[in-house]
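# Chains, contacts and geometry: an overview
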Amino acid sequence: MSLLSSWSLTSQLSRPLTLFTRSLATATRQRPVPAPGVKQGAIKTAEEFLKAVGRDSESKVSPNSWTEFWGYDGQALRKAGLAVRDRRYILWCMEKYRQGLAPEEFAHSPSPKKTIRGWGPKVQNGKRIRSKRIKDKTKKFKQVS
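Structure report, in brief. The model shown is predicted, which means the values in this text are computed figures rather than measured ones.

### What about the overall build of the protein chain?
Looking only at helices and strands, the protein chain features eight helices and two strands. Reading the secondary structure of the protein chain in the N-to-C direction produces α-α-α-α-α-α-α-β-β-α. Across the 145 residues that make up the protein chain, the buried fraction comes to 19%. Across the protein chain, every contact between residues at least 6 apart in sequence was considered, and the portion connecting residues at least 24 apart equals 44%. With the model as given, the accessible surface of the protein chain reaches about 11,800 Å², and the carbon-plus-sulfur share is 56%.

This is the structure:
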């Protein structure tokens, strides 16, 4: 009986501990705010950073200060009305800048729109493509009847 009671006591004591460790594991860590214009070029404001990154980012986000901009996360950019692709690109660029790279090294233009989409060779540029084999069968069928 004492073994059973000690087991339940152990499980009751370990429950708050596991809840506490889970909250530590899922908590977001504070990322450092890079100093403006120190080593990555002449970027001193958030607007200059967004302009250097490209993709018309400076018109999509308008932060008030440097520290406010570096405090942005995905949810804050979502509330600002950015599309998923723009959010991911800006957050990726922010992380590269934190790592010490200049925007000229990592900024790139968006990938072009795909020309062949959908069902592969059946649909190209939004038009349904039919093979000559099918057209030949319909011609032969019409001639026979």
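### Side note on the pattern of salt bridges
With the rule as written, the count across this model stands at two salt bridges. Residue Lys60 pairs with Asp86 through a salt bridge whose shortest N-O separation is 3.1 Å. A residue pair is termed long-range when its members are at least 10 positions apart, and Lys60 in helix 3 (residues 57–60) and Asp86 in helix 6 (residues 84–98) qualify at 26 residues. For Lys60, a relative accessible area of 31% puts it in the partly exposed group. Overall, the relative accessible area of 18% leaves Asp86 in the buried class.

### Some remarks on helix 2 (residues 46–53)
Those residues of helix 2 that sit buried are Ala46, Phe49, Leu50 and Val53. Seen along its axis, helix 2 keeps its buried residues to an arc of 95°; they face one direction. Gly54 sits one or two positions beyond helix 2 and adopts a positive phi of about 90°.

### Some points on unusual backbone geometry
Phi angles above zero are rare outside glycine, and Arg55 is one such case at about 60°. When you line up the elements, Arg55 lands in the loop between helix 2 and helix 3. Residue Arg55 is classed as partly exposed on the basis of its relative accessible area, which comes to 22%. The backbone of Asp56 sits at a positive phi, close to 60°, despite the residue not being glycine. Counting through the fold element by element, Asp56 comes out in the loop between helix 2 and helix 3.

### Thoughts on the packing of helix 2 against helix 6
The contact between helix 2 and helix 6 brings their axes to 11 Å, and the two run at 110°. Put simply, helix 2 runs roughly perpendicular to helix 6. Where helix 2 abuts helix 6, its residues Phe49, Leu50 and Val53 lie against Tyr89, Ile90, Cys93, Met94 and Tyr97. In terms of residue class, the contact of helix 2 with helix 6 is built from eight nonpolar, no polar and no charged.

### Remarks on the packing of aromatic side chains
Aromatic ring pairs are defined here through the distance separating the ring centres and the angle between the ring planes. With the rule as written, the count across this model stands at ten aromatic pairs. Taking 6.0 Å as the distance between ring centres and 70° as the angle between the ring planes, the aromatic pair formed by Phe69 and Tyr72 counts as edge-to-face. With a relative accessible area of 0%, Phe69 lands in the buried category. Among the residues examined, Tyr72 registers a relative accessible area of 18% and is labelled buried.

Reading the values: rules and limits
- Residues numbered from 1 in each chain as written.
- Predicted model: local features only at pLDDT ≥ 70, side-chain atom pairs only at ≥ 80, totals over all residues.
- Heavy atoms only, no water.
- Helix = DSSP H or I, 4+ residues; strand = E, 2+ residues; numbered from the N terminus.
- Buried < 20%, exposed > 50% of the residue type's maximum accessible area, 1.4 Å probe, protein only.
- Contact = heavy atoms within 4.5 Å.
- Areas by Shrake-Rupley, 256 points an atom, 1.4 Å probe, with all protein chains shown as cover.
- Salt bridge = Lys/Arg side-chain N within 4 Å of Asp/Glu carboxyl O.
- Arc of directions from axis to C-beta.
- Axes fitted to C-alpha atoms, helices over the stretch in contact; angles between N-to-C directions.
- Parallel < 35°, antiparallel > 145°, perpendicular 65-115°, else oblique.
- Nonpolar A, V, L, I, M, F, W, Y, C, P; charged D, E, K, R; others polar.
- Phe/Tyr/Trp six-rings, centres within 6.5 Å; stacked < 30°, edge-to-face > 60°.

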